[in-house]
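What follows is the residue order along each chain.
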Amino acid sequence: MRASVRIAGAATLLLAALAIGPRADREQVLHDLARIGAEHRDSTEWDRRRCELRREFLKGAGLWPLPKRGPYSVLRHSLRQYDGYTVENVAIETLPGFYCTGNLYRPLPALAAAKTRGPGILCPHGHFKPLGRFRPEHQIRCAHLAQRGATVFSYSMVGWQDSTQTTHDDPIVLALQTWNSIKTLDFLCSLPDVDSERVGMTGASGGGTQTLYLALLDDRVKASAPVVIVYPWSAPEGCCRCEGGMPVMRAAGTNCIEFAAAVAPRPQLILSVGQDPTHDFPEVGLPFVRRAYDAYRAGHRVESVHLPNEAHDFGPSKRAAVYSFLARNLGFEDRPEDLSRITVEQPSQMEVFSPSHPLPSNAVHGTAAVSHAFAALRTGQK
């Protein structure tokens, strides 16, 4: 079914308890930013702080020292071909018996006639119900980027869509999703047609949090675009468990805006709107982030797009801004979306696991079993 037909019936947005009013932690975050800003960090001090933020995040998530990244199994099936791109259902075994589910969008071989490797882009989804990565807007973004020559991996949050081995309320869901992001980045960089020096990431809301977290943790993310998520907050107050359910900020005394600053000097686009808590990011957050980039003499590498009349979503104007940013920084041609060339699939087509493609026999189920698999990752056991 064409996107132009389906877009009017797009999924209802879940704002995940967001409100324009002030959060309880806002004043503390602003106080911390003022204190840190007074330190006038140079690039060496920012390098040191980034290492500290990474270490304390991974400790809080139970991922320190970072486990070995492979080997891992990948399941792929149901390749479909559309106008200028293909879609495939993919599961990555990120823990023993635990699978991250997603869809791989690739440009048709004709688009890679020069036989050179192209960019890769990770696209996590946010707390947008009921369809998550299956919703039309998300499919449009991935398909359009693939038409432009990028290899795109779209993957589900834990407990959403066909990721049903535990729930989104699992006590270690933040660690599971962070590890899934690291493993999906491994997978994307391993593909023979992806240039690992041209990898980007973008997501909105909870997908923006995943984008921010992975960009902080992994230098392989060369360009990042967190959408409608960067504002004065610090885990765990007011966050979904997948964003603040583990102490990834507490020990370092940090917050979302310092995380964004610590991505410097790699290119970053931060997109905010007038109708959610990001409404005053250009005034209260951007100056702090810019100072970090200026410390590297890389102020031109951080960009801000503010849409004062828009709401908490990843709509057409937001996608257009992200396309332009990624095209400039990952090296592909930027063109407007052509919805007549994009096919919006039914969720049943996109599911990795279904009655016809069941979970592997080694799959673990439930909080206790998944926790055991996570512990096995740490010890190297099976």
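The structure this text deals with has already been given above.
Before going into details, it helps to say that this report is about the structure given with it. (Residues numbered from 1 in each chain as written. Predicted model: local features only at pLDDT ≥ 70, side-chain atom pairs only at ≥ 80, totals over all residues. Heavy atoms only, no water.)

1. Quick word on the pattern of salt bridges
Opposite charge on two side chains lets them pair, provided their charged atoms get close.
Part 1 of the argument: All told, the structure shown has 27 salt bridges when counted by the stated rule.
Part 2 of the argument: The residue Arg49 makes a salt bridge to Glu52 at a minimum N-O spacing of 2.8 Å. Here Glu52 and Arg49 lie together in helix α3 (residues 43–60), a separation of three residues that amounts to about one turn.
Part 3 of the argument: You can call Arg49 buried: its relative accessible area is 6%.
Part 4 of the argument: Arg76 serves as the salt-bridge partner of Glu88, at 3.1 Å between the closest nitrogen and oxygen. Linking Glu88 in strand β2 (residues 85–95) with Arg76 in strand β1 (residues 74–81), this pair joins segments that are twelve residues apart in sequence.
Part 5 of the argument: Sharing partners across several salt bridges, the network here consists of Asp32, Arg35, Glu39, Arg41, Arg48, Arg49, Glu52 and Glu258. (Salt bridge = Lys/Arg side-chain N within 4 Å of Asp/Glu carboxyl O. Helix = DSSP H or I, 4+ residues; strand = E, 2+ residues; numbered from the N terminus. Buried < 20%, exposed > 50% of the residue type's maximum accessible area, 1.4 Å probe, protein only.)

2. Describing the nonpolar core
Part 1 of the argument: Judged by nonpolar contacts, the single largest core of 78 residues is most densely connected at Phe57, Phe153, Trp233 and Val289.
Part 2 of the argument: Considering each element in turn, this core owes the most residues, ten residues, to helix α5 (residues 173–190).
Part 3 of the argument: Excluding residues within four positions of it along the chain, Phe153 makes contact with Val90, Ile92, Gly102, Asn103, Leu104, Ile121, Leu122, Cys123, Thr184, Phe187 and Leu188.
Part 4 of the argument: Counting 37 residues, the second largest nonpolar core, distinct from the first, contains Ile121, Leu269, Val273 and Val344. (Core = buried A, V, L, I, M, F, W, Y, C linked by side-chain atoms within 4.5 Å. Contact = heavy atoms within 4.5 Å.)

3. Concerning the side chain of Arg133
Part 1 of the argument: Positionally, Arg133 belongs in the loop between β4 (118–124) and α4 (136–147).
Part 2 of the argument: Residue class for Arg133 comes out buried when judged on its relative accessible area of 0%.

4. A few points about the sheet that holds β2
Part 1 of the argument: One open sheet accounts for nine strands, arranged β1-β2-β3-β5-β4-β6-β7-β8-β9; its pairing is mixed. Every interior strand has two partners, whereas the edge strands, β1 and β9 (302–307), have only one. Here the strands of the sheet are splayed against their neighbours by 20° on average, with no regard to which way each runs.
Part 2 of the argument: Two elements, strand β6 (residues 194–204) and strand β7 (residues 223–227), share five bridges in a ladder whose sense is parallel. (Pairing = 2+ DSSP bridges. Axes fitted to C-alpha atoms, helices over the stretch in contact; angles between N-to-C directions.)

5. A short note on the packing of aromatic side chains
Aromatic ring pairs are reported here in terms of the distance separating the ring centres and the angle at which the planes meet.
Part 1 of the argument: Evaluated as defined, the whole model comprises ten aromatic pairs.
Part 2 of the argument: Between Phe57 and Tyr213, the ring centres sit 4.9 Å apart and the planes meet at 70°, which makes this aromatic pair edge-to-face. Separated by 156 residues along the polypeptide, Phe57 in helix α3 and Tyr213 in helix α6 (residues 206–217) bring together distant segments of the chain. Per residue, the accessibility class of Phe57 equals that of Tyr213, and both read buried.
Part 3 of the argument: Among the aromatic side chains, those forming a connected cluster through ring pairs are Phe57, Tyr213 and Phe259.
Part 4 of the argument: The ring of Trp46 has Arg41 lying over it, and the distance from NZ or CZ to the ring centre is 4.6 Å. (Phe/Tyr/Trp six-rings, centres within 6.5 Å; stacked < 30°, edge-to-face > 60°. Lys NZ or Arg CZ within 6 Å of the ring centre and 35° of its normal.)

6. Some points on empty space enclosed by the protein
Over the atoms, a rolling probe the size of a water molecule traces out where space has been left empty.
Part 1 of the argument: Tallying each qualifying case throughout the model produces two cavities of 30 Å³ or more.
Part 2 of the argument: In this model, the largest cavity occupies a volume close to 80 Å³.
Part 3 of the argument: Together, Leu174, Gln177, Thr178, Ser181, Ile182, Gly206, Thr209, Gln210, Tyr213, Leu214, Cys242 and Glu243 line the largest cavity.
Part 4 of the argument: Secondary-structure elements contributing two or more residues to the lining of the largest cavity are α5, α6 and α7 (241–244). (1 Å grid on protein atoms, 1.4 Å probe; cavity = no way out; pocket = protein on both sides within 12 Å on 5 of 7 lines; lining within 4 Å. Points joined across faces, edges and corners; volume = space filled by probe spheres on them.)

7. Focus on the side chain of Gln165
Part 1 of the argument: Counting through the fold element by element, Gln165 comes out in the loop between β5 (151–155) and α5.
Part 2 of the argument: A distance of 2.8 Å separates a polar atom in the side chain of Gln165 from the backbone oxygen of Val364.
Part 3 of the argument: If near-sequence neighbours (up to four positions away) are discounted, Gln165 is found in contact with Gly97, Phe98, Tyr99, Leu359, Ala363, Val364, His365, Gly366 and Val370. (Polar contact = N/O pair within 3.5 Å; in protein donor to acceptor, adjacent residues only side chain to side chain.)

8. A short note on helix α10 (residues 286–295)
Part 1 of the argument: All buried positions along α10 are accounted for by Leu286, Phe288, Val289, Ala292 and Tyr293. Buried residues of α10 fall within an arc of 165° about the axis and therefore sit on the same side.
Part 2 of the argument: In this fold, the buried residues of α10 make contact with α2 (26–37), α3, α8 (256–262), β8 (268–273), α9 (281–284) and β9.
Part 3 of the argument: Just beyond α10, the residue with positive phi is Arg297, at close to 55°. (Arc of directions from axis to C-beta.)

9. Some words on unusual backbone geometry
Part 1 of the argument: A cis amide bond links Lys129 with the next residue in sequence, Pro130, at an omega value of 5°.
Part 2 of the argument: Each neighbour pair has its own omega, and for Ala264 with Pro265 the value is 10°, a cis peptide bond.
Part 3 of the argument: With respect to the helices, strands and loops of the structure, Pro265 is situated in the loop between α8 and β8.
Part 4 of the argument: Residues other than glycine seldom take positive phi values, yet Ser205 does so here, at roughly 55°.
Part 5 of the argument: As for its position among the elements, Ser205 is in the loop between β6 and α6.
Part 6 of the argument: Classification of Ser205 as buried rests on a relative accessible area of 3%.

Function cannot be read off these values alone, since they describe shape.
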